[in-house]
Amino acid sequence: MGVTVIMERPHMNIRETAKKEMVYHTNQLNVWYGEHHALKNINLSFYENEITAIIGPSGCGKSTYIKTLNRMIELSPNVRITGEISYRGRNIFDRSYHVEELRASVGMVFQKPNPFPKSIYDNVAYGPRIHGIRNKSVLDDIVEKSLRAAALWDEVKDRLHEHAHMLSGGQQQRLCIARCLAVEPDVILMDEPTSALDPVSTAKIEELMQQLKENYSIIIVTHNMQQAARISDKTAFFLNGEVIEFGDTHQLFSNPRDKRTEDYITGRFG
Ligand SMILES: Nc1ncnc2c1ncn2[C@@H]1O[C@H](COP(=O)(O)OP(=O)(O)OP(=O)(O)O)[C@@H](O)[C@H]1O
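Every residue gets a number counted from 1 within its own chain, in the order that chain's sequence is written. Only residues with pLDDT of at least 70 get local features here, since the model is predicted, and only at 80 or more are side-chain atom pairs given and counted; chain-wide, interface and lining totals rely on the full set of residues. As a convention, hydrogens and water are excluded, and side-chain values are obtained from all of the structure's heavy atoms.

### So, the nonpolar core
For clarity, the threshold we go by: What is meant by a nonpolar core is a set of buried Ala, Val, Leu, Ile, Met, Phe, Trp, Tyr and Cys residues, joined one to another through side-chain atoms within 4.5 Å. Using a 1.4 Å probe on the protein chains alone, a residue whose accessible area is under 20% of its type maximum counts as buried, one over 50% counts as exposed, and one in between counts as partly exposed. What makes two residues a contact is simply this: any of their non-hydrogen atoms within 4.5 Å.
Residues L147, I177 and I188 are the most contacted members of the largest nonpolar core, which totals 46 residues. Ignoring any residue separated from it by four or fewer positions in sequence, one finds I177 in contact with V109, A150, M190, I205, L208 and L212. Among the nonpolar cores identified, the runner-up in size contains 28 residues, and F46, Y65, M72 and I85 belong to it.

### Some words on the confidence of the model for the protein
Put simply, the test is: As a per-residue quantity, pLDDT reports the predictor's confidence and falls between 0 and 100.
Mean pLDDT over the protein stands at 92; residues scoring 70 or higher make up 93%. The model gives residues 1-15 a pLDDT under 50, and that stretch makes 29 contacts with residues more than four places away or in other chains. Here the predicted complex scores 0.90 on pTM and 0.98 on ipTM.

### Details of the UniProt feature "domain: ABC transporter" (unreviewed entry) in the protein
Stated formally: UniProt positions are given in the numbering used here, feature names are shortened, and annotations may be inferred rather than shown by experiment. Secondary structure elements are defined from DSSP: runs of H or I of at least 4 residues count as helices, runs of E of at least 2 residues count as strands, and each element is numbered from the N terminus.
UniProt annotation of "domain: ABC transporter" (unreviewed entry) refers to residues 24-265 when read in the numbering used here. Secondary structure within residues 24-265 divides into 38% helix and 27% strand; the distance between the first and last C-alpha atoms comes to 26 Å.

### Here's the deal with the packing of helix α7 (residues 169-181) against helix α8 (residues 199-212)
Put simply, the rule is: Here an angle of 0 to 180 degrees is reported between the N-to-C directions of two axes, which are lines fitted to C-alpha atoms, with helices fitted over the stretch in contact. Reported orientations rely on four angle classes, namely roughly parallel under 35 degrees, roughly antiparallel over 145, roughly perpendicular from 65 to 115, and oblique for the rest. Should the near helix be turned anticlockwise from the far one by less than a right angle, the crossing is termed left-handed; should it be turned clockwise, right-handed. Residue classes follow a fixed rule: Ala, Val, Leu, Ile, Met, Phe, Trp, Tyr, Cys and Pro count as nonpolar, while Asp, Glu, Lys and Arg count as charged, and any other residue, Gly among them, counts as polar.
Running from N to C, α7 and α8 cross one another at 20°; their axes reach a closest spacing of 9 Å. Classified by the interaxial angle, the pair formed by α7 and α8 is roughly parallel. With respect to the hand of their crossing, α7 and α8 are arranged in right-handed fashion. Note on element contacts: α8 touches α7 through S201, K204, I205, L208 and L212, opposite G170, Q173, R174, I177 and L181. The residue inventory of the contact of α7 with α8, partitioned by class, reads five nonpolar, three polar and two charged.

### Re the site of the ligand
Heads up, the condition is: Proximity is defined per residue: if any heavy atom of the residue lies within 4 Å of a molecule or strand, that residue is considered near it. Side-chain atoms alone can form a polar contact between residues adjacent in sequence; in general such a contact is a pair of N or O atoms within 3.5 Å, and within protein one must be able to donate a hydrogen while the other accepts it. Method for areas: the Shrake-Rupley scheme with a 1.4 Å probe, in which residue coverage is limited to the protein chains shown.
In the vicinity of the ligand, the residues found are Y33, H36, A38, P57, S58, G59, C60, G61, K62, S63, T64 and H223. Contact distances for the ligand include 2.8 Å between an oxygen atom and a backbone N or O atom of G59. Between the ligand and S63, the relevant distance is 2.9 Å, taken from an oxygen atom to a main-chain nitrogen or oxygen of the residue. In isolation the ligand exposes 640 Å². Once the protein is present, 62% of that is buried. Where the shell around the ligand is concerned, the elements lending two or more residues are β2 (36-47) and α2 (62-69). By residue number, the principal contributor to the shell around the ligand is α2, which donates three residues.

### Some details on the packing of helix α4 (residues 120-130) against helix α5 (residues 136-149)
In helix packing, the relevant descriptors are the interaxial angle and the interaxial distance, both defined with respect to the helix axes. Their axes nearest at 9 Å, the elements α4 and α5 cross at an angle of 110°. Taken together, the axes of α4 and α5 are roughly perpendicular relative to one another. Considering the relative orientation of α4 and α5, their crossing is right-handed. Touching I120, Y121, V124, A125, P128 and R129 of α4 are K136, L139, D140, I142, V143, S146 and L147, all from α5. The residue inventory of the contact of α4 with α5, partitioned by class, reads nine nonpolar, one polar and three charged.

### Observations concerning the pattern of salt bridges
Rule in force here: One speaks of a salt bridge when a side-chain nitrogen belonging to Lys or Arg is within 4 Å of a carboxyl oxygen belonging to Asp or Glu.
All told, the structure shown has 18 salt bridges when counted by the stated rule. The salt bridge partner of D140 is K136, with a shortest N-O separation of 2.9 Å. Remark: K136 and D140 occur in helix α5; sequence separation between them is four residues, near one turn of the helix. Residue classification places D140 among the partly exposed residues on the basis of a relative accessible area of 26%. One salt bridge in this structure joins D154 and K157, with 3.9 Å as the shortest N-O distance. D154 gets classed as exposed once you look at its relative accessible area, which sits at 59%.

### Some details on the packing of aromatic side chains
We apply this condition: When two rings of Phe, Tyr or Trp (its six-membered ring) have centres within 6.5 Å they constitute a pair, described as stacked for plane angles under 30 degrees, edge-to-face for angles over 60, and tilted for the intermediate range. Note on geometry: a ring has a charge over it if NZ (lysine) or CZ (arginine) is within 6 Å of the ring centre and within 35 degrees of the ring normal.
Here the structure, examined in full by the defined rule, presents six aromatic pairs. Aromatic pair Y24 and F46: ring centres 6.4 Å apart, planes at 85°, arrangement edge-to-face. Of this pair, Y24 sits in strand β1 (residues 22-33) while F46 sits in strand β2, placing them 22 residues apart in sequence. Here the two residues Y24 and F46 agree in accessibility, since each one is buried. The positively charged end of R80 is found above the aromatic ring belonging to W32, 4.0 Å away from the centroid. If you follow R90 out to its NZ or CZ, it ends over the ring of Y97, 3.9 Å from the centre.

### Focus: α7
This is how the line gets drawn: Working rule for helices: expected span equals 1.5 Å times residues minus one.
Along its 13 residues, α7 runs 18 Å from first to last C-alpha, staying within 8% of the 18 Å computed at 1.5 Å per residue. Counting buried positions over the 13 residues of α7 gives twelve, a clear majority of the element. Taken together, the buried positions of α7 are G170, Q171, Q172, Q173, R174, L175, C176, I177, A178, R179, C180 and L181. Check the buried side of α7 and you find it contacts β6 (106-109), α4, α5, α6 (153-156), β7 (187-191) and α8.

What follows is the structure, given as structure tokens:
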């Protein structure tokens with residue numbers, strides 16, 4: 001059955017994109033897990049204040065790619081990487097580039113909300129404390145600002161010292177976003193951030209992402225094509241470890257250049 005994709009906002013024109021700074025650039029990236037060639041010659045660029053969606057069927061390499069952007073991929077055994085990823089002009093695989101430095105600028109939100117077993121306050125204050133901030137009023141300000149930016153403050157301001165696991169799934173995910181924002185990242189990577197959430201929580205996170213892109217670049221892996229069409233400026237369609245098509249979201253969904261993209265977005269496979 002075909003998928004109806006509803007476009008709810010006008011797409012960005014080329015002139016607007018041209019003015020933006022490039023944040024990430026991937027050049028001829030290949031990733032192998034042992035013998036398995038999971039990513040093949042990936043060339044993609046991401047820009048400031050844009051949301052880029054990565055779509056494609058199960059096993060096509062979406063998570064592998066997003067985990068490569070913050071070098072989490074290196075935690076998997078037998079991984080081999082060739083090619084280059086530059087973040088703000090520096091090759092992230094350069095020996096002099098410390099992974100902690102990269103991750104301080106590139107936050108990540110996972111599929112399943114994963115708050116620490118601590119209070120709401122301590123979850124958000126965790127990163128700033130690690131960075132040496134001890135002053136209570138400074139921490140209070142960061143916690144409030146981050147929870148406000150994650151659209152959670154009004155729901156939790158009177159219960160900041162309650163355990164994070166007392167929150168609903170959708171609230172926990174917004175808490176994880178607040179935790180990520182508390183260390184003032186530049187880029188937010190999101191790996192299917194709403195797939196474990198109900199429609200109301202999903203709508204809240206999507207609305208929040210539109211606000212966050214004013215200040216951050218967001219790269220989101222999603223299985224949900226309507227979501228990609230609703231929220232993203234650019235979309236990359238992955239298939240069998242390759243990027244089949246990458247471009248303006250509106251164009252990709254309304255007038256795909258490649259037959260395989262068309263077949264996927266109209267639900268012929270996937
Ligand atoms: N740690 C690993 N070791 C070996 N193979 C892996 C590993 N992680 C992923 N793979 C394989 O690499 C390919 C890409 O996996 P990946 O998780 O990136 O796909 P995906 O598009 O994110 O899939 P899904 O939508 O199901 O999450 C798959 O064939 C998968 O089986």
